[in-house]
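# Structural features, examined
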Amino acid sequence: MAATAAGTASSHARTSPVRDVRAVSRPVLAWGHNDFGQLGNGTTTDASTPVRVRLPGGTTLRQVRAGCGHTLALTSSGHVLAWGLNSDGQLGNDSTANSETPVRVRIPGGTKVTAVRAGCEFSLALTSGRKVLAWGSDSYGQLGNGSTTDSHLPVPVHLPGATRVTAISAGGAFALARTARRRVLAWGQNTSAELGNDSTTSSDVPLRVDLPVGLKVGIVSAGYNFALASVAGRRFAYYAWGANNLGQYGDGSTSGMATPVGVVHAVHGPGHVHLASLFAGCGHVLALFSDGAMLAWGANKYGQLGNGTTTSSYAPVLVKLGSARATAASASCADSYALTRDGHVLAWGYDGESQLGNGSSTDSDRPARVSLPSGWRASAVGSGPQANHALAIRKG
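Residues numbered from 1 in each chain as written. Predicted model: local features only at pLDDT ≥ 70, side-chain atom pairs only at ≥ 80, totals over all residues. Heavy atoms only, no water.

The next point concerns a positive patch on the surface. Judged by side-chain charge, Arg181, Arg182, Arg183, Arg208 and Lys216 come together as a positively charged surface patch. Tracing the sequence through the fold places Arg181 in the loop between strand 12 (174-179) and strand 13 (184-188). (Patch = residues over 30% accessible without salt bridge, like charges linked within 9 Å, V, L, I, M, F, W, Y side chains within 5 Å. Areas by Shrake-Rupley, 256 points an atom, 1.4 Å probe, with all protein chains shown as cover. Salt bridge = Lys/Arg side-chain N within 4 Å of Asp/Glu carboxyl O. Lys, Arg positive; Asp, Glu negative; His and termini not counted. Charge placed at Lys NZ, Arg CZ, Asp CG, Glu CD. Helix = DSSP H or I, 4+ residues; strand = E, 2+ residues; numbered from the N terminus.)

Further remarks concern unusual backbone geometry. Backbone geometry places Arg130, a non-glycine residue, at a positive phi of 65 degrees. Looking at the element boundaries, Arg130 is found in the loop between strand 8 (122-127) and strand 9 (132-136). Residue Arg130 is classed as partly exposed on the basis of its relative accessible area, which comes to 29%. Non-glycine residue Ser354 carries a positive phi angle of around 70 degrees. What makes Ser354 buried here is its relative accessible area of 0%. (Buried < 20%, exposed > 50% of the residue type's maximum accessible area, 1.4 Å probe, protein only.)

What follows deals with the sheet that holds strand 5 (residues 80-84). Strand order in this open sheet of four strands is 3-4-5-6, and the pairing throughout is antiparallel. Strands at the two margins of the open sheet, each flanked by one partner only, are strand 3 (61-66) and strand 6 (99-104). Going across the sheet, the axis of each strand differs from the next one's by a mean of 20 degrees, ignoring polarity. The pairing of strand 5 with strand 6 spans three bridges and is antiparallel. Within the sheet, the bridge partner assigned to Ala82 lies in strand 6 and is Val103. (Pairing = 2+ DSSP bridges. Axes fitted to C-alpha atoms, helices over the stretch in contact; angles between N-to-C directions.)

Further remarks concern the environment of Val184. On the secondary structure map, Val184 appears in strand 13. Along the primary structure Val184 and Trp83 are separated by 101 residues, whereas in three dimensions their C-alpha atoms are 29 Å apart. Aside from chain neighbours lying at most four places away, what touches Val184 is Leu176, Ala177, Leu207, Arg208, Val209, Leu211, Val217, Val220 and Ala229. (Contact = heavy atoms within 4.5 Å.)

This part takes up the state of the cysteines. Tallied over the entire structure, the rule returns two disulfides. Residue Cys68 pairs covalently with Cys120 via a disulfide, S to S 1.9 Å. Because the torsion about its S-S bond is -80 degrees, the bridge between Cys68 and Cys120 counts as left-handed. Here Cys68 is found in the loop between strand 3 and strand 4 (70-75), whereas its partner Cys120 is found in the loop between strand 7 (113-118) and strand 8, with 52 residues between them in sequence. One exposure class covers both Cys68 and Cys120, and it is buried. Paired through a disulfide, Cys282 and Cys333 show a sulfur-sulfur distance of 2.1 Å. Between Cys282 and Cys333 the sulfur-sulfur dihedral comes to about -95 degrees; the bridge is accordingly left-handed. Here Cys333 lies in the loop between strand 23 (326-331) and strand 24 (335-340) and Cys282 lies in the loop between strand 19 (275-280) and strand 20 (284-289), a separation of 51 residues in the sequence. For Cys282, a relative accessible area of 11% corresponds to the buried category. What connects to what in the protein, once the bonded cysteines are numbered by sequence position, is 1-2, 3-4. (Disulfide = S-S within 2.5 Å.)

Laid out in structure tokens, this is it:
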């Protein structure tokens, strides 16, 4: 699993930078580890600089997410593509054969997907009807359909009653959903209290997270074995639950809790701005603010906090973006990514498997530009809590 593999360097060969005209015409690039074909370029060779994903002709992507060894992509027409590892059916194409190029996920006919999320060996999709589909590994009930049987095709998550979902997030082997009423549901693995329901018993159906009555949640983010939910309307306040051995809560503690713990930070560093995004990795968290500044906390062995050190922090520290301002953030197991306002992608942290995309294999404790082709500007960046690869969608 990527949670442990992040400390092991890959022996695969590295590819050369993409600099030709064809690269500019392609809508998505990928880089990093590629042992299962998760880069989608028809090979299983790692890439230390971005390579072209072999998308079907005429495809335009809106969103990309990376799992342990597979990748999900949402198209502009509401379809889902997947590629890479498929040992548990996480590609959703009714097989268990790995694929080095994108294949179509067999979403039920007439269903339009609005968001995708990749867990370690399972996948999630949010539909336009505010329902959730899941497929792949179900060993802990992470498909949420009342069983622990893997599914090679998307199945409906058994949401309570008439529940409508507005956001989803996938952790290592558990999932989160924010409902239209701004509450949070969780299902799947619970050995580290990831479900936030005052137990450590896994669940194969969604359960309500024990957040305070009347609390309205903004952002939900599932890390490898912990979770976060921001408080709607508060500048920098959130609840955390699950594992906290690396300071993932950001409240100065390292004790995990089976029910959510409220954390409120005085707004400092970024100034008087609002929290725009929370993104949890294996053991660290990124917080993006509306002015483009970022804070980070938790594990920092490889520099994934981006503050110029490799010292872990149990409280938020400022990511050293320099003059850059971020518009999106993404975290993997031991790496961090930011999309800047001018379309560049920054990466920092572990680079033993080429995840930083700058042609080297040297870890970085400060953000550095990914080597996108000349003239190429990104509109989105994607990774995942358990991933060791990343992707960027081209602007325009």
